[in-house]
Amino acid sequence: MSSIIEKYYNDNNVAPALVKQKIERLGRNPDIEKEFEYWIENKQYKPDSLEIEGYTAQKLSQLSKYLIGEGAFMLLIELRESPDKAHKKIARGFKVK
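Let us look at the structure shown here. Here the structure is a predicted model, which is why all the values come from computation and not from measurement.

Reading guide: rules and limits
Residues numbered from 1 in each chain as written. Predicted model: local features only at pLDDT ≥ 70, side-chain atom pairs only at ≥ 80, totals over all residues. Heavy atoms only, no water. Phe/Tyr/Trp six-rings, centres within 6.5 Å; stacked < 30°, edge-to-face > 60°. Buried < 20%, exposed > 50% of the residue type's maximum accessible area, 1.4 Å probe, protein only. Helix = DSSP H or I, 4+ residues; strand = E, 2+ residues; numbered from the N terminus.

Looking at the packing of aromatic side chains
Going through the model one piece at a time under the given rule, you end up with nine aromatic pairs. Taken together, a centroid distance of 5.5 Å and an interplanar angle of 65° make the contact between Tyr 8 and Tyr 9 edge-to-face. Here Tyr 9 falls in the buried class, since its relative accessible area comes to 1%. With centroids separated by 6.2 Å and ring planes inclined at 50°, the aromatic side chains of Tyr 9 and Phe 36 adopt a geometry described as tilted. Remark: Phe 36 occurs in helix H3 (residues 30-42) and Tyr 9 occurs in helix H1 (residues 3-11); sequence separation between them is 27 residues. Overall, Phe 36 belongs to the buried group, its relative accessible area being 0%. Following the ring pairs from residue to residue traces out a cluster consisting of Tyr 8, Tyr 9, Phe 36, Trp 39, Tyr 45 and Phe 73.

Concerning unusual backbone geometry
In this structure, Asn 13 takes a positive phi of about 55° despite not being glycine. Of note, Asn 13 is situated in the loop between H1 and helix H2 (16-27). Residue classification places Asn 13 among the exposed residues on the basis of a relative accessible area of 69%. Of note, Lys 43 is a non-glycine position whose phi angle comes to about 55°, a positive value. In this fold, Lys 43 is placed in the loop between H3 and helix H4 (57-61).

Put into structure tokens, the structure is as follows:
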């Protein structure tokens, strides 16, 4: 488990059960995990970002204020693991209920 990411979640008061789920998802995607660590440490996206299904974390962050930072990386994982579901979310425009 990444101490950088664990500290980020603890500092942001994320519930332990949710932290566990997010850490597991990131652990299955070490390349995305590394980019997320970079974002945490540098407060910016990597210039040579990973692209999945035509999106980078930075491109996703430009789609909605809800995707800045951590949300963009979680959606990047979803684009890899469940592309149809992720594309539907993007198409819906991230409307809040």
